[in-house]
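# Observations on the model geometry
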Amino acid sequence: MQVKKVFSTILGLFGVLFSSNAVASYARDWQMGFQEAATAVMRDINDFHNLLLIIITLITVFVLALLVYTMWRFSAKRNPTPSKTTHHTALEMIWTVVPVVILVVIAVPSFKLLYFSDVVPKADMTIKATGYQWYWSYEYPDHGNASFDANVVDLRDPEMSDEDRNMWKAKFGDDYKRLLDTDNSLVVPVNTTVRVQVTAGDVLHSWAVPAFGVKTDGVPGRLNETWFKAEKIGTYYGQCSELCGSRHGFMPIRVEVVSKPDFEKWVKKQVADSGNLGSPTVATLTNHNR
Ligand SMILES: [Cu+2]
């Protein structure tokens, strides 16, 4: 059974690697490493992570080798009379300078990446994400100031009516991802620089989408800013990443990246619906104050 599961997961991973069209990005069983990058920032984070992995592996192997050699070479049996040497200028210079060089090698790409992800480039559009206990609310100030809430769709919720359960089952089908799928999704156009302003209405939350390399705290009374430019059409999942209360695990983020014409169509349709993006939430609206 387990073997079968591993096998199907590996096949699934290959499917993700080689599918060029719509992707769905979320944590998978047996996943190694990060989710596939959908933005330049995430690609750089991945590269930086790989660089650090190489550096730390070399250091660890080197220190381990020194330890093993020392234990063997200078044991009481092989080295009965220990040396009394206490200072060695050249050696001390080396073991000070080498770590400094290593830190500089790490610092250069680190600061580059920090500023790349932190400084919002000229944005094509802005979205405001507000965290509440326990759902996200989105506003599109550039598109009729429309807004909607995104609530988790939890098919195991005992309070969900059978009618709603069947509706969501029909909508998501086999693609349903528990604790990741939401009734309304954040919809954004592909290859567009999106500025995301993040805040919160009650306690600390954090808006995070791993495939975008984005994680920004939502702080009540404060407006934080981040950005992403998704390069592939698909569905990307994230979760609130700041412990925010008992249903912290029930306020996922679902981002649909669509083509620019599809986005225009979506905006038009939703704005036509009395300026309110997304249909009024059924079922899960009752979750708000639980
Ligand atoms: Cu939260």
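Further up the page is the structure itself.
Below you will find a few notes about this structure.

Helix and strand content of the protein: 5 helices and 11 strands. Counting every position in the protein, which comprises 290 residues, the buried fraction comes to 27%. Within the protein, contacts between residues at least 6 apart in sequence are counted, and of these 71% link residues at least 24 apart.

Attention now goes to the pairing of strand 8 (residues 214-218). Along a regular strand, successive side chains alternate from one face of the sheet to the other. Of the two faces of strand 8, the one lined by Val 214, Thr 216 and Gly 218 is fully buried and the one lined by Lys 215 and Asp 217 carries no buried residue. When strand 7 (residues 205-209) meets strand 8, the two strands line up antiparallel, connected through 5 bridges. When the bridges of strand 8 are listed, Ala 208 appears paired with Lys 215.

This paragraph deals with unusual backbone geometry. Cis geometry marks the peptide bond from Gln 133 to Trp 134, where omega comes out at 0°. Structurally, the position occupied by Trp 134 is in the loop between strand 2 (125-132) and strand 3 (135-140). In this structure, Asn 191 takes a positive phi of about 50° despite not being glycine. By secondary structure assignment, the location of Asn 191 is in the loop between strand 5 (186-189) and strand 6 (194-200). Asn 191 gets classed as partly exposed once you count the C-beta atoms within 10 Å, which come to 13.

Before going further, it helps to spend a moment on the sheet that holds strand 9 (residues 224-228). Across the sheet, 5 strands lie side by side as 4-3-2-6-9; this open sheet has mixed pairing. The sheet is open, and its two edges are formed by strand 4 (146-150) and strand 9, each paired on a single side. Recorded for the sheet is a direction-independent mean angle of 25° between the axes of neighbouring strands. In this sheet, strand 9 lies alongside strand 6 in antiparallel orientation, the contact comprising 5 bridges.

Okay, the sheet that holds strand 5 next. Pairing between the strands of a sheet comes from backbone hydrogen bonds, and it takes one of two forms, parallel or antiparallel. Taken together, 4 strands build an open sheet; the order of strands is 1-10-11-5 and the sheet is mixed. Looking at the sheet topology across the chains shown, the edges are occupied by strand 1 (23-25) and strand 5. Neighbouring strand axes in the sheet, compared pairwise and without regard to direction, differ in orientation by 20° on average. As paired strands, strand 10 (residues 234-239) and strand 11 (residues 252-258) are joined by 6 bridges and run antiparallel to one another. When the bridges of strand 11 are listed, Gly 234 appears paired with Val 257. With respect to the sheet, helix 5 (residues 260-272) is in contact with strand 5 and strand 11, its orientation differing from that of strand 5 by roughly 135°.

Conventions used here
- Residues numbered from 1 in each chain as written.
- Predicted model: local features only at pLDDT ≥ 70, side-chain atom pairs only at ≥ 80, totals over all residues.
- Helix = DSSP H or I, 4+ residues; strand = E, 2+ residues; numbered from the N terminus.
- Buried ≥ 20, exposed ≤ 12 C-beta atoms within 10 Å, placed from the backbone.
- Contact = placed C-beta atoms within 7 Å.
- Pairing = 2+ DSSP bridges.
- Axes fitted to C-alpha atoms, helices over the stretch in contact; angles between N-to-C directions.

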